[in-house]
Amino acid sequence: MLDSVKTFIQSLSTPTGPTTVPTKQWDVSPQNFSLKGPIPVDPSQEEKWICRCGQSKNYPYCDGSHNNYNKENDTNIVPLKVEKGSEKVYVCTCGHSKDKPFCDGTHSKLRLIQEQKNSNNVDLGNFTRFLVPVVAYVAFTSALKHLSQ
């Protein structure tokens with residue numbers, strides 16, 4: 001019986017689902033980072049210049065931040081021009097999409113991993129209030145069973 005309690009306790013800290021964090025594909029500044037999903041950009045009325053360095057203060061639009069980013073990181077990143085009249089595009093905000101600068105849905109996996117990580121942090125106060133009566137019951141029933149033999 002105590003083994004089943006031990007197994008139950010261990011299961012509370014065992015992760016389920018995807019645990020491999022997808023590889024980061026490019027830098028997205030902390031102010032632009034989000035796991036909420038992509039930012040829609042509608043170029044139907046005018047051309048749009050999409051940031052591909054992830055540092056723009058006007059993200060997802062380019063503000064020229066790539067110039068300093070390129071100097072500091074020895075890169076040659078330039079914004080992406082989306083022509084007027086093009087279909088709506090969805091710009092990644094997590095930096096893990098393999099379709100830079102567009103979203104490929106990787107943020108969903110990252111969000112799930114984050115939620116699992118948060119749910120595995122057991123509140124010991126509530127857990128203890130639950131566990132003490134369970135252990136007492138198990139000990140009591142085991143003692144009764146042993147005495148009745």
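Residues numbered from 1 in each chain as written. Predicted model: local features only at pLDDT ≥ 70, side-chain atom pairs only at ≥ 80, totals over all residues. Heavy atoms only, no water.

Draft legend 1. Broad picture of the UniProt feature "domain: Iron-binding zinc finger CDGSH type" (unreviewed entry) in the chain. UniProt marks residues 36-72 and 77-113 with the feature "domain: Iron-binding zinc finger CDGSH type" (unreviewed entry), using the numbering shown here. As annotated, residues 36-72 has a helix share of 22% and a strand share of 16%, and its two end C-alpha atoms lie 29 Å apart. In residues 77-113, the share of helix is 22% and the share of strand is 16%. The end C-alpha atoms are 30 Å apart. (UniProt positions renumbered as here; feature names shortened; annotations may be inferred. Helix = DSSP H or I, 4+ residues; strand = E, 2+ residues; numbered from the N terminus.)

Draft legend 2. Spotlight on unusual backbone geometry. Following tyrosine 59, the chain continues to proline 60 via a peptide bond in cis, the omega torsion being 15°. Its location among the elements puts proline 60 in the loop between β2 (48-50) and α2 (65-73). Notably, aspartate 74 is not glycine yet its phi reads approximately 50°, a positive angle. Mapped onto the fold, aspartate 74 is located in the loop between α2 and β3 (80-82). On the basis of relative accessible area, aspartate 74 is assigned to the exposed category, the value being 75%. (Buried < 20%, exposed > 50% of the residue type's maximum accessible area, 1.4 Å probe, protein only.)

Draft legend 3. Representation of the environment of serine 44. Within the secondary structure, serine 44 sits in the loop between β1 (39-41) and β2. A relative accessible area of 31% means that serine 44 is categorised as partly exposed. In this structure, the C-alpha to C-alpha distance between serine 44 and glycine 85, residues 41 residues apart in sequence, is 4.1 Å. Setting aside anything within four residues of it in sequence, one finds serine 44 in contact with Lys84, Gly85 and Ser86. Separated by 2.9 Å, the side chains of serine 44 and aspartate 42 make a polar contact. (Contact = heavy atoms within 4.5 Å. Polar contact = N/O pair within 3.5 Å; in protein donor to acceptor, adjacent residues only side chain to side chain.)

Draft legend 4. Focus on the side chain of serine 65. Note that serine 65 resides in helix α2. With a relative accessible area of 18%, serine 65 lands in the buried category. Separated by 2.5 Å, the side chains of serine 65 and aspartate 63 make a polar contact. In contact with serine 65, not counting residues within four places along its chain, are Cys53, Gln55, Ser56 and Lys57.

Draft legend 5. Structural context of the environment of glycine 105. Its location among the elements puts glycine 105 in the loop between β4 (89-91) and α3 (106-119). Classification of glycine 105 by relative accessible area gives partly exposed; the value is 29%. Sequence separation between glycine 105 and leucine 35 is 70 residues, and the spatial gap between their C-alpha atoms is 9.8 Å.

Draft legend 6. Fine view of α2. Among all positions in α2, only Ser65, His66, Tyr69 and Asn70 are buried. All buried residues of α2 project into a common sector of 130° when viewed along the axis, lining one side. Opposite the buried face of α2, at more than 90 degrees from it, the exposed residues are Lys71 and Glu72. One or two steps after α2, the chain reaches aspartate 74, where phi turns positive at roughly 50°. (Arc of directions from axis to C-beta.)

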